[in-house]
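# Observations on the model geometry
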Amino acid sequence: MSARHVFTVTVSRHCEEILARELRRMGLQRIVVEPGAVRFTGRLRDGLRACLWSRVGSRVLLRLGRFEAMSADALYAGVATLPWTDHIPPRGTLRVDFVGTSNAIRDERFGAQKVKDAIVDTIRRAAGVRPDVDREHPDITIHVHLRNNIVTVALDLSGAALHLRTPRRHAGAAPLKETLAAALLQLADWPRRAAAGDPLIDPLCGSGTIVLEAAGMAHDVAPGLVRERFGFTRWLGHDPGTWDELVAEAEERRRIGLDRPVAIEGLDIDESALVAARANAHQLGLASVRFSRQSLDDLRPSGTPPGLIVTNPPYGERLDDPAAAIELQRALGDVLRRHMLGWDAFVLVPLGPVSRALGLRPRARHPLFNGPIECRLLEVGIAATAPARLVPGHADTEGPPPTTAPSADDPDKY
Ligand SMILES: C[S@@+](CC[C@H](N)C(=O)[O-])C[C@H]1O[C@@H](n2cnc3c(N)ncnc32)[C@H](O)[C@@H]1O
């Protein structure tokens, strides 16, 4: 199919520019950034490429129609004009995701119901049978967006959200979404630094999301390669030949990329988290990450030149103990400034006291959301040389005083 389509890739707030850069690197064109999404125009191949290669995007939507609807009847009528028998098998299953409201459609469930009615009635009139609704494992997911009385109807090419890319993922406590881990790594400039041979450590790696995403980037492994299902597989417009070509190209890139040496370490004090991390590495076919049981207090550079620390310490919101989260954050700040000289640290923290406990002045604070939790990715450059001890005989005999100023009293709140 060589027709041109409009695709919308949805993305977590604040990650739109990261996604736009990612899509540009894929060679995609006519890219437009919107709040929570990036649009591009291209052939079906381009949409499938985004499904296979986007690390940051949540869903890839193929636009089927767009029209004005001032009433529920107009919504029904607009949806009914679309050629549904080209998209959905008459005896297949579908789900409708409806986002947005208007004066006429005040409830998203009502909107979804109207759209579903219009689709199944249209197919029944044409084929004599109608598809069923299946909310869990539908053949086709239709995504409808309503804003300012304009309805955009799309096919969800991704199906389940794209962060669900590790088959049978083993989750530790409070795992990050893979898409957010990818955003952290892009903000840390990891792909360039990996190519330059820099090491990366997550000293609080949990089930390994950050380090495994880092390994996927460094080895050029398409994030969608191990995913078992996409939303287009049972779509009547699916072009398996094009998909197979893209997968073959990605497999070749992976074959070459897996030979690249990388220095990535995941550390955690909890053996059960490491068991999960190793199992995830196995599922993803990424064997190069070294996982070790180690307390944060013992973090050291292990003979490598300075590189990147990328991590998300426990928050307190999700893990029940805010005081312990603050204490751990303080310990992280201490070990970084004492031992990780010359390294760059990227620490994901929620707004509030935990973020201030690090005690290092960030050179940037990148706003992000971890699900509903508003966060900052603190970017800290640890000074390359430790200053001489200020207070001779100071009780702290383990290392020098801070190489960057404490930020607890920083008027610029995180
Ligand atoms: C928020 S979780 C990290 C989640 C991880 N990013 C993921 O996606 O699975 C924080 C991790 O810090 C670990 N941790 C807590 N205190 C630690 C310490 N003192 N030393 C090392 N690891 C610690 C916990 O075991 C937990 O796995």
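Above this note sits the structure.
To start, this report covers the structure provided alongside it.

## Structural notes on the overall build of the chain
Within the chain, the regular secondary structure consists of 11 helices and 15 strands. Compactness check: the chain gives a C-alpha radius of gyration of 24 Å against a globular reference of 22 Å for 414 residues, within 12% of the reference. The 414 residues of the chain split such that 54% are buried. By element, 51% of the accessible surface of the chain is carried by carbon and sulfur atoms, the whole surface being about 18,300 Å².

## Here we look at the packing of aromatic side chains
For the coordinates displayed, the defined rule picks out 4 aromatic pairs. Note on phenylalanine 230 and phenylalanine 232: the rings are 5.2 Å apart at their centroids and 10° apart in plane angle, and the pair reads as stacked. Note on accessibility: phenylalanine 230 and phenylalanine 232 belong to one class, buried. In this structure an aromatic cluster arises from ring pairing among Phe230, Phe232 and Trp243.

## Description of the site of the ligand
Around the ligand sit 20 residues, and of these Ser207, Thr209, Asp268, Leu296 and Asn312 come closest. At 2.9 Å, a backbone N or O of leucine 296 approaches a nitrogen atom of the ligand. For the ligand, whose accessible area on its own is 600 Å², the fraction buried by protein is 89%. Class assignment for the residues of the shell around the ligand results in 11 nonpolar, 7 polar and 2 charged.

## Some words on the environment of glutamate 251
Take glutamate 251: it is sitting in helix α8 (residues 240–257). On the accessibility criterion, glutamate 251 (39% relative accessible area) is partly exposed. Taking the C-alpha atoms as reference, glutamate 251 lies 7.8 Å from leucine 225; in sequence the two are 26 residues apart.

## Considerations on the sheet that holds strand β11 (residues 290–293)
With respect to topology, 7 strands assemble into an open sheet ordered β11-β10-β9-β12-β13-β15-β14, the strand pairing being mixed. Of all the strands in the sheet, just β11 and β14 (364–370) have a single pairing partner and so form its edges. Each strand axis lies, on average, 20° off the axis of its neighbour in the sheet, ignoring direction. Direction of pairing for β14 relative to strand β15 (residues 373–381): antiparallel, over a ladder of 7 bridges. What sits directly across from alanine 364, in β15, is glutamate 379. In the packing of helix α7 (residues 209–218) onto the sheet, contacts are made with β9 (200–202), β10 (264–268), β11 and β12 (308–311), and the angle to β10 comes to roughly 170°. Strand contacts of helix α9 (residues 271–284): β10 and β11, with the helix running at about 170° to β11, the strand carrying the most contacts.

Thresholds applied
- Residues numbered from 1 in each chain as written.
- Predicted model: local features only at pLDDT ≥ 70, side-chain atom pairs only at ≥ 80, totals over all residues.
- Heavy atoms only, no water.
- Helix = DSSP H or I, 4+ residues; strand = E, 2+ residues; numbered from the N terminus.
- Rg over C-alpha atoms; globule rule 2.2 N^0.38 Å.
- Buried < 20%, exposed > 50% of the residue type's maximum accessible area, 1.4 Å probe, protein only.
- Areas by Shrake-Rupley, 256 points an atom, 1.4 Å probe, with all protein chains shown as cover.
- Phe/Tyr/Trp six-rings, centres within 6.5 Å; stacked < 30°, edge-to-face > 60°.
- Near = heavy atom within 4 Å.
- Polar contact = N/O pair within 3.5 Å; in protein donor to acceptor, adjacent residues only side chain to side chain.
- Nonpolar A, V, L, I, M, F, W, Y, C, P; charged D, E, K, R; others polar.
- Pairing = 2+ DSSP bridges.
- Axes fitted to C-alpha atoms, helices over the stretch in contact; angles between N-to-C directions.
- Contact = heavy atoms within 4.5 Å.

This is a description of form; function is not addressed.
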